[in-house]
Amino acid sequence: MRRILPALGLALLSPLVAEFLLGDFPLTHLPFLVMLAPTYGGAAVVIREVARRKGLGWPAIVLMALAYGVLEEGVMTMSLFNPDYAGQRLLDPGYVPFLGIGVPWTLFVLGLHTVWSVCVPIALVEELAGDRRTTPWLGRAGLGVTAALATLGAVAVTVFSYGNGHFLASAPQLTAVAVIVAGLVAAAFRLPSAPPAPGRAAPSPWTVFAAALAAGGLFELSTLADLPVWAVITTLAAAEAGIAVLVLRWSAGRGWGGGHRVALAGGALLTYAWHAFFSGPLVPTTPAMNLASHVVFGAGAVALLLVAARRTARRTLRVQSR
């Protein structure tokens with residue numbers, strides 16, 4: 001049990017961040033974790049385990065996380081193509097008839113899954129795992145069971161989504177999703193496993209934390225503010241591309257380590273924590289319970305971040321003192 005504890009933690013943290021910290025579900029719906037863990041958590045664990053078994057780095061994890069986002073929103077929920085998904089008319093702004101997608105929604109939802117559903121939970125749990133950060137947590141049997149549960153969860157979400165709206169994307173759209181997912185995964189496996197030679201010194205973790213908060217704030221404010229469609233698209237693209245370029249540059253610098261990874265994940269985590277106060281839940285609840293849920297989940301996020309930062313700092317000092 002101790003050996004697989006990080007994998008179990010990741011399986012639960014992923015849906016907690018993706019749905020509860022975001023503000024979609026209140027405390028009263030915590031039992032939903034049982035249903036959400038195979039889909040969100042199973043995918044995060046499989047991505048992490050495959051990457052670490054193959055000696056792949058974070059760029060590969062990010063590409064596979066993006067592939068998961070495309071798969072979930074393109075096939076499992078089909079929100080990328082459903083013009084009236086959940087009765088929200090999400091595709092109306094910036095709709096591209098030839099592709100059958102809304103550009104703002106596509107940029108937004110794929111960013112959510114890539115960063116918050118997969119990468120942030122993996123980064124935090126790996127830092128909490130200490131010396132086992134980059135080693136596999138599961139054996140072959142455990143990985144096989146996790147993959148099977150993730151597949152069953154994906155099928156269940158697909159069936160549930162179709163039963164709610166009876167929408168089915170076109171064959172060309174589903175084919176395009178399959179090709180994109182396969183291409184992203186293939187590209188992840190072709191990335192070099194060794195990081196580039198260190199260049200200039202990496203900035204301080206506080207600089208990384210501030211950049212993550214700024215990018216997260218820009219990302220979320222693009223949908224909260226009443227902006228023209230072109231401004232929303234520009235803001236989302238700038239936030240995603242800007243932080244990606246900075247992290248690629250900074251992570252290749254001398255001294256980049258656990259403190260920087262915690263800072264990066266922490267900035268994203270706290271973005272969800274404050275954003276929840278400005279979003280409504282997906283299920284009926286009282287205003288008091290909604291507020292209490294945001295406070296509890298936000299406090300939990302801060303506590304988790306502090307523990308991860310403390311453990312990482314201790315590990316860094318231990319390594320430096322050898």
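Look above for the structure.
A brief structural summary. Here the structure is a predicted model, which means the values were calculated and not measured.

Another aspect to go through is the overall build of the protein. The helix and strand tally for the protein stands at ten helices and two strands. Beginning at the N terminus, the succession of helices and strands in the protein can be written as α-α-α-β-β-α-α-α-α-α-α-α. The C-alpha radius of gyration of the protein comes to 19 Å, within 12% of the 20 Å expected for a compact globule of 322 residues. Each principal axis of the C-alpha atoms in the protein carries an extent, and together these give about 60 × 40 × 40 Å. In the protein, buried positions account for 45% of the 322 residues. Considering only intrachain contacts with a sequence separation of at least 6, the fraction spanning at least 24 residues in the protein is 78%. For the protein, the computed accessible surface area is about 15800 Å², with 72% contributed by carbon and sulfur atoms. Averaging the locations of the 21 positively and 13 negatively charged side chains of the protein gives two centres separated by 20 Å.

Here helix H4 (residues 103-128) is 26 residues long and its end C-alpha atoms lie 36 Å apart, about the 38 Å a rise of 1.5 Å per residue gives. Along H4, the helix axis deviates most sharply at Cys 119, where the bend reaches about 40°; the proline Pro 121 sits within four residues downstream. Buried residues dominate H4, accounting for 22 of its 26 residues. Where H4 terminates, the next one or two residues include Gly 130, which has phi positive at roughly 65°.

The next point concerns the pattern of salt bridges. Within this structure, the stated rule accounts for eight salt bridges. In this structure, Arg 261 and Glu 127 form a salt bridge, with 2.6 Å as the shortest nitrogen-oxygen distance. Of the two residues, Arg 261 is situated in helix H9 (residues 258-275) and Glu 127 in helix H4; the sequence distance between them amounts to 134 residues. The exposure class assigned to Arg 261 is buried, which follows from its relative accessible area of 17%. Within the structure, one salt-bridge network assembled from shared partners comprises Arg 48, Glu 49, Arg 52, Glu 126, Glu 127, Arg 133, Arg 261 and Arg 315.

Let's shift gears to the nonpolar core. In terms of nonpolar packing, the biggest core is built from 77 residues, with Leu 21, Trp 116 and Leu 124 touching the most fellow members. The element that contributes the greatest number of residues to this core is H4, accounting for 13 residues. In contact with Leu 21, other than residues within four places in its own chain, are Leu 16, Leu 269, Tyr 272, Ala 273, Ala 276, Phe 297, Gly 298 and Ala 301.

Across the interface, helix H3 (residues 58-76) lies against helix H6 (residues 171-190) with an axial gap of 8 Å and an inter-helix angle of 170°. Accordingly, the angle class assigned to the pair H3 and H6 is roughly antiparallel. The residues of H6 that touch H3, namely those facing Ala 60, Leu 63, Met 64, Leu 66, Ala 67, Val 70, Leu 71, Gly 74 and Val 75, are Leu 174, Val 177, Ile 180, Val 181, Leu 184, Val 185, Ala 187, Ala 188 and Phe 189. Counted by class, the contact of H3 with H6 contains 17 nonpolar, one polar and no charged residues.

This part covers the packing of helix H1 (residues 5-21) against H4. When two helices pack together, you describe them by how their axes are tilted relative to each other and by the distance separating the axes. It is the contact of H1 with H4, at a shortest axis distance of 9 Å, that shows an interaxial angle of 140°. Taken as axis vectors, H1 and H4 run oblique relative to one another. Of the two possible hands of crossing, H1 and H4 adopt the one that is right-handed. Of the residues in H4, those in contact with Pro 6, Gly 9, Leu 10, Leu 13, Ser 14, Val 17 and Ala 18 of H1 are Trp 116, Ser 117, Pro 121, Ile 122, Leu 124 and Val 125.

Rules used throughout
- Residue positions within a chain follow its written sequence, with the count starting from 1.
- Residue-level local features of this predicted model are given only where pLDDT is at least 70; pairs of side-chain atoms are given and counted only at 80 or more, and the full residue set underlies all totals for whole chains, interfaces and linings.
- Excluded from the side-chain calculation are hydrogens and water; included are all heavy atoms of the structure.
- Under the DSSP-based scheme used, a helix requires at least four consecutive residues in state H or I and a strand at least two consecutive residues in state E, with every element numbered from the N terminus.
- Here the globule rule is a power law, 2.2 Å times the number of residues to the power 0.38, and the radius of gyration is based on C-alpha atoms.
- For the exposure calls, accessible area comes from a 1.4 Å probe over protein chains only, and a residue counts as buried if that area is under 20% of its type's maximum, exposed if over 50%, partly exposed in between.
- Residue contacts are counted whenever heavy atoms from the two residues lie within 4.5 Å of one another.
- Per-residue accessibility takes into account occlusion by the displayed protein chains alone, with areas from the Shrake-Rupley method and a 1.4 Å probe.
- Counted as positive: Lys and Arg. Counted as negative: Asp and Glu. His and the chain ends are not counted at all.
- Think of each charge as sitting on NZ of Lys, CZ of Arg, CG of Asp or CD of Glu.
- Expected span of a helix: the number of residues minus one, times 1.5 Å.
- One axis fitted to the seven residues ending at a residue, another fitted to the seven starting there: the angle between these axes is the bend at that residue.
- The salt bridge definition used is simple: a Lys or Arg side-chain nitrogen within 4 Å of an Asp or Glu carboxyl oxygen.
- The definition of a nonpolar core used throughout is a set of buried Ala, Val, Leu, Ile, Met, Phe, Trp, Tyr and Cys residues joined through side-chain atoms within 4.5 Å.
- Here an axis means a line fitted to C-alpha atoms, over the contact stretch when the element is a helix, while the angle between two N-to-C directions is reported on a 0 to 180 degree scale.
- By the definition adopted for this analysis, an angle is roughly parallel if under 35 degrees, roughly antiparallel if over 145, roughly perpendicular if from 65 to 115, and oblique otherwise.
- Nonpolar residues are Ala, Val, Leu, Ile, Met, Phe, Trp, Tyr, Cys and Pro. Charged residues are Asp, Glu, Lys and Arg, and all others, Gly as well, are polar.
- Each helix crossing is assigned a hand: it is left-handed if the near helix lies turned anticlockwise from the far helix by less than a right angle, otherwise right-handed if that turn is clockwise.

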